[in-house]
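Residues per chain, in single letters:
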Amino acid sequence: MLNLIGNAIKFTQGGTIRVAVRPSGGDRLRFTVSDTGIGISESARDRLFEAFTQADASISRRFGGTGLGLVICRKLVELMGGHIGVDSVPSQGSTFWFEIACPVGDVARTVGVRVAPIIDVGPLSILLAEDNVVNQKVAVGLLSRWGHDVTIAADGRLAVEAARARRFDVVLMDMQMPGMDGLEATRAIRRLGGEAGRVPIVAMTANAMPGDDERCFAAGMDGYVRKPIVPRELDAALARHARRSADGALAHPAPAPKGLFDRTFPDTLVKEIGVDTLADLIRMYVVDTAERVERVCIACARGDADAGRLAAHDVKSTSATFGLNALARHAEAIEHALRDGNAAEADSLAVTLRGRTAEALKAIGGYAAGL
């Protein structure tokens with residue numbers, strides 16, 4: 001759906017885009033994305049879902065892209081036992097659609113949810129970066145009741161100074177603070193290096209907007225919890241991320257960061273389309289991604305938010321398809337920063353994008369070489 005909607009936006013310079021989901025008989029649903037864009041000729045429609053085919057070479061020059069996304073869409077739909085197609089009139093618009101089976105769950109079987117008890121993680125040394133006095137008192141009240149020692153920093157700058165001055169088991173970092181916000185403070189702490197720079201950092205956010213988790217991870221955070229604080233969610237976050245107990249013994253080590261490369265989907269895809277086709281897809285992805293990353297970096301440097309956001313979105317979606325999770329999250333963080341008008345954050349993330357891309361392409365290249 002993301003790819004089809006992204007294409008509709010890309011090829012519709014003015015007009016309307018509609019997205020719909022409707023029953024299609026039995027347990028099947030029909031998803032449609034309709035636009036009033038450039039449309040597709042009848043001769044081109046028959047080849048549109050084939051590898052590396054576009055309706056017109058000039059489209060690539062005008063709008064960018066390789067046609068890879070529609071190939072992947074077809075494979076995904078087929079893997080789910082469905083089918084995909086398009087209806088279009090040149091110069092009037094297109095409707096892309098797919099149908100898949102979506103069995104309705106038996107609500108009657110849901111008899112209740114067991115609430116997990118508060119987890120005893122042992123006394124922790126916690127740095128709380130929070131500027132709101134009421135929120136400070138709520139958090140300190142809960143954490144103290146659970147036996148933790150809490151140090152308060154009223155803004156991001158003070159949080160960095162505190163992290164530099166002493167060792168903490170975990171930092172709870174408010175996202176929105178005056179002066180230096182939580183993301184900037186996190187990046188500053190990571191630059192401290194050594195033990196101080198490795199402290200687990202958990203964001204606390206009242207926004208809970210799509211993309212917040214990607215922005216947190218890209219800045220160097222280990223996780224996030226929502227505000228207002230839900231006690232069991234906060235406690236579970238401490239259990240996942242707290243580094244050491246007060247006596248110095250390893251208590252709850254932070255989980256390994258989400259992998260650079262998850263080969264689950266490529267392994268599935270190779271069984272469906274074969275080694276040669278997948279290798280061709282990966283080669284096309286490598287070239288396409290290198291070009292798009294350059295486009296992101298140039299757009300961020302020039303302050304061209306629209307061009308940067310579209311290129312970052314494409315890097316995100318195709319990278320996630322090939323299991324390159326770290327690169328996908330990094331690109332999504334840039335996309336959301338540009339969407340939110342935070343050019344400085346986007347530019348900062350773009351500075352490290354080339355290095356992250358080199359790591360990802362090396363990983364997928366090694367995978368392809370072993371096919």
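Residues numbered from 1 in each chain as written. Predicted model: local features only at pLDDT ≥ 70, side-chain atom pairs only at ≥ 80, totals over all residues. Heavy atoms only, no water.

1. Some remarks on the sheet that holds strand β3 (residues 83–89)
Spatial strand order, β1-β2-β4-β3: four strands in an open sheet with antiparallel pairing. Both edges of this open sheet fall to β1 (17–23) and β3, since each of them pairs with a single strand only. Across this sheet, the average inter-strand angle for adjacent strands is 15°, counted without regard to direction. Sheet topology places β3 next to strand β4 (residues 93–101); seven bridges connect them, and they run antiparallel. By the bridge assignment, G85 is partnered in β4 with W97. The sheet contacts of helix α1 (residues 2–11) involve β1, β2 (28–35) and β4, and relative to β2 the element is tilted by about 15°. (Pairing = 2+ DSSP bridges. Helix = DSSP H or I, 4+ residues; strand = E, 2+ residues; numbered from the N terminus. Axes fitted to C-alpha atoms, helices over the stretch in contact; angles between N-to-C directions. Contact = heavy atoms within 4.5 Å.)

2. Quick notes on the pairing of β4
The buried fraction of β4 is high, at seven of nine residues. Summarising the sheet, β2 and β4 pair through eight bridges and their orientation is antiparallel. Among the inter-strand pairings, R30 is bridged to a residue of β4, identified as E99. Hairpin connection of β3 to β4: three residues between the antiparallel strands, including S91 at a positive phi of 70°. (Buried < 20%, exposed > 50% of the residue type's maximum accessible area, 1.4 Å probe, protein only.)

3. A word on unusual backbone geometry
Positive phi values are uncommon outside glycine, yet S91 reaches one of about 70°. Summarising the element assignment, S91 is placed in the loop between β3 and β4.

4. Re helix α11 (residues 264–273)
Listed in full, the buried residues belonging to α11 are P266, L269, V270 and I273. End-on view of α11: buried residues confined to an arc of 105°, all on one side of the axis. Residues of α11 that are exposed and point over 90 degrees away from its buried face: T264, K271 and E272. (Arc of directions from axis to C-beta.)

5. Overview of the nonpolar core
Side chains of a nonpolar character, in soluble globular proteins, are inclined to be buried together. One finds L278, F322, I334 and I364 to be the most contacted residues of the largest nonpolar core, which totals 32 residues. When contributions to this core are tallied by element, the ones reaching two or more residues are α4 (68–79), α11, α12 (275–302), α13 (305–321), α14 (325–339), α15 (343–351) and α16 (353–369). Broken down by element, the residue count for this core peaks at eight residues, all from α12. Ignoring sequence-local partners within four residues, the contact set of I334 consists of V296, C300, A312, A346, L349, A350 and L353. (Core = buried A, V, L, I, M, F, W, Y, C linked by side-chain atoms within 4.5 Å.)

6. Focus on the packing of aromatic side chains
Applying the stated rule across the entire model yields three aromatic pairs. Geometrically, the ring pair formed by F31 and F98 is stacked, given 4.7 Å between the ring centres and 5° between the ring planes. Residue F31 is located in strand β2, and its partner F98 is located in strand β4; the two are separated by 67 residues in the primary sequence. Assessed through its relative accessible area of 7%, F98 is described here as buried. Residues F261 and Y367 carry aromatic rings whose centres are separated by 5.4 Å and whose planes lie at 75° to one another, so their mutual orientation is edge-to-face. A residue pair is termed long-range when its members are at least 10 positions apart, and F261 in the loop between α10 (231–241) and α11 and Y367 in helix α16 qualify at 106 residues. A relative accessible area of 7% means that Y367 is categorised as buried. Between R30 and the ring centre of W97, over which it is positioned, the NZ or CZ distance is 4.2 Å. (Phe/Tyr/Trp six-rings, centres within 6.5 Å; stacked < 30°, edge-to-face > 60°. Lys NZ or Arg CZ within 6 Å of the ring centre and 35° of its normal.)

7. Side note on the pattern of salt bridges
This structure, assessed with the given rule, holds 20 salt bridges. Between E99 and R28 there is a salt bridge, with its nearest N and O atoms 3.9 Å apart. With a gap of 71 residues between them, E99 in strand β4 and R28 in strand β2 connect regions that are remote in the sequence. We classify E99 as buried; its relative accessible area is 11%. In this structure, the salt-bridge partner of R190 is D222, at a minimum N-O distance of 3.0 Å. One end of the pair, R190, is in helix α7 (residues 182–190); the other, D222, is in the loop between α9 (212–219) and β9 (223–226), with 32 residues separating them in the sequence. The class for D222 is partly exposed, based on a relative accessible area of 27%. Taken together, the shared-partner salt bridges connect R167, D169, E195 and R198 into one network. (Salt bridge = Lys/Arg side-chain N within 4 Å of Asp/Glu carboxyl O.)

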